[in-house]
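# Structure assessment
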Amino acid sequence: MWPTPPRTEDERMSAVDVYLADLRAAIPGPSWTRRDLLREAGDHLEDATDAYTAAGYTPTEAEALALRDFGSVDDIAPGFRDTVAIGAARRTAILLVLVMLPQAFLWDGGLELGASAHSDAPDSGLFHVLDIIIGYVGTAGALGALVALAVTAIGQRWLRIGRRTAQLTAAWSLATAMIVPIIGFTMLALTGGLTVLLALTALAFMAAPFALVALSAQRTLAAC
Amino acid sequence: MKADALRGHLDSLILAVVEKQPLHGYAIIEALSARSGGELDLPTGTIYPALRRLEKAGYLDSSWSEVGGRKRRTYELSSAGRNALAGHRQEWRTFAKVVSGVLGEA
């Protein structure tokens, strides 16, 4: 096996590239938010390095000084992680609100997609209990999402929030996204008139949207 | 002056330096350093979470623009940010007046 020739100056990773790679590794979460922050960090370090180079330092010295001023990965990563987590939480809250809004219209009082499932016999006591529970859970879920949305946006004018708020938002959203469809499907099954068409309709308009919310909530938890 | 005392007002300081014109992150740091006479000593990377926070709070608007031939994300004060800055200035004047009054001259 021939030895690998030494890398050229251009091919070796610069100290800034190594730093940015380390910073990227220290920030879990949705890649698009992290990418934006890292891009700005990279731009900043480029400007700072140019400034030190213009002041007479060698490129290596200039990079080292720019990195010293920027802060170590241990110092900077926590703030970046908070930013990524809060952004992910805000998106999860938006998604939950958008999914919750049409549910009452689809299933109860509007299109009533499940109406065809009801047999001639009256609904069981359990059905009515679940009907009450899903009403409260759905309302609480939607209200919680609205509060989370406010807190993670305009609320930052007055509140210092971080990953704990993001975790709480994600947990709340995940719980809602799991409980509502489970109760909903159970109610449809209890009617005794669940057809294949109705099951597919429930999958499309209930299970799938809430699955997206659950996925977003899990990604938020990963960012925390 | 203890750097921690200045850090606690970082949001107000950021709003103040972008009051006159949009600036990108590095320029904001340079302006903070210059206007504080070098007293504001904090890791420059900490500015970016603060900028994101102020943007999501509605105090700053950001856009990508060309600065010195390079694409940079620049930040400018929103109307809500101007109102907030005016409020912070008033609070600071009142605070400074009260403390000066109590501490008095040496």
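Structure first, text after, so check above.
Residues numbered from 1 in each chain as written. Chains lettered and ligands numbered in written order. Predicted model: local features only at pLDDT ≥ 70, side-chain atom pairs only at ≥ 80, totals over all residues.

On a plain count of helices and strands, chain A comes out with eight helices and zero strands. Walking chain A from its N terminus toward its C terminus, one meets helices and strands in the order α-α-α-α-α-α-α-α. Within chain A, buried positions represent 35% of all 224 residues. When contacts within chain A are restricted to residue pairs at least 6 apart in sequence, long-range pairs at least 24 apart make up 81% of them. (Helix = DSSP H or I, 4+ residues; strand = E, 2+ residues; numbered from the N terminus. Buried ≥ 20, exposed ≤ 12 C-beta atoms within 10 Å, placed from the backbone. Contact = placed C-beta atoms within 7 Å.)

This part takes up the overall build of chain B. What chain B contains, in helices and strands, is five helices and three strands. When the helices and strands of chain B are placed in sequence order, the string is α-α-β-α-α-β-β-α. In terms of overall dimensions, chain B has a C-alpha envelope of 50 × 30 × 20 Å along the principal axes. Sorting the 106 residues of chain B into buried and exposed places 29% on the buried side. In chain B, the share of contacts with a sequence separation of at least 24, taken over all contacts with a separation of at least 6, comes to 49%.

Moving on, we come to helix α8 (residues 196–223) of chain A. All names here are of chain A. In a regular helix each residue adds 1.5 Å, so 28 residues correspond to 40 Å; α8 covers 38 Å between its end C-alpha atoms and thus fits that length. Its maximal kink placed at L203, α8 deviates by approximately 40°. Residues A202, M206, P209, F210, V213, A214, S216, A217, T220, L221 and A223 constitute the buried set of α8. Here the buried face of α8 lies against α4 (73–100) and α7 (163–190). (Expected span 1.5 Å × (residues − 1). Bend = angle between axes of the 7 residues up to and from the residue.)

For the rest of this paragraph, the subject is the packing of helix α3 (residues 25–35) of chain B against helix α4 (residues 47–56) of chain B. Describing two packed helices takes the angle between their axes plus the distance from one axis to the other. Residue and element names in this part refer to chain B. For the pair α3 and α4, the least separation of the axes is 11 Å and the interaxial angle reads 105°. It follows from the interaxial angle that α3 and α4 lie roughly perpendicular. Residues G25, I28 and I29 of α3 pack against I47, Y48 and L51 of α4. When its residues are assigned to classes, the contact of α3 with α4 shows five nonpolar, one polar and no charged. (Axes fitted to C-alpha atoms, helices over the stretch in contact; angles between N-to-C directions. Parallel < 35°, antiparallel > 145°, perpendicular 65-115°, else oblique. Nonpolar A, V, L, I, M, F, W, Y, C, P; charged D, E, K, R; others polar.)

This part covers the environment of A:A15. Residues and elements named next belong to chain A. Here A15 is to be found in helix α1 (residues 15–25). A residue is classified by how many C-beta atoms lie within 10 Å of it, and A15, with 17 of them, is partly exposed. On a C-alpha basis, the gap between A15 and A54 in space is 18 Å, while along the polypeptide they are 39 residues apart. When neighbours within four sequence positions are excluded, A15 is seen to be in contact with E63, A64 and L67.

With that settled, consider the interface of chain A and chain B. Opposite the 20 residues of chain A that make contact, chain B presents 15 residues. Listed by contribution, the elements that provide at least two residues to the side of chain A that touches chain B are α2 (31–54), α3 (59–70) and α4 of chain A. No other element matches α2(A), which puts seven residues into the side of chain A that touches chain B.

Moving on: the sheet that holds strand β1 (residues 23–24) of chain B. All names here are of chain B. One open sheet holds the three strands; their spatial order is β1-β3-β2, and the pairing between them is antiparallel. Looking at which strands have only one partner, the edges of the open sheet turn out to be β1 and β2 (60–67). Pairing geometry for β2 and strand β3 (residues 70–77), over eight bridges, is antiparallel. Its bridge partner being in β3, S62 is matched across the sheet by Y75. (Pairing = 2+ DSSP bridges.)

With that out of the way, let us pick up the pairing of β3(B). Residues and elements named next belong to chain B. Where β1 and β3 come together, two bridges link them in antiparallel fashion. Its bridge partner lying in β3, H24 is registered against T74. What sits between the antiparallel neighbours β2 and β3 is a turn of two residues, in which G68 has the positive phi angle 60°.

This part takes up the environment of B:A57. The topology assignment puts B:A57 in the loop between α4 and β2. Residue classification places B:A57 among the buried residues on the basis of 21 C-beta atoms within 10 Å. In this structure, the C-alpha to C-alpha distance between B:A57 and B:G81, residues 24 residues apart in sequence, is 9.1 Å. Filtering out sequence-adjacent residues up to four positions away, B:A57 remains in contact with A:I154, A:Q156 and A:R157.

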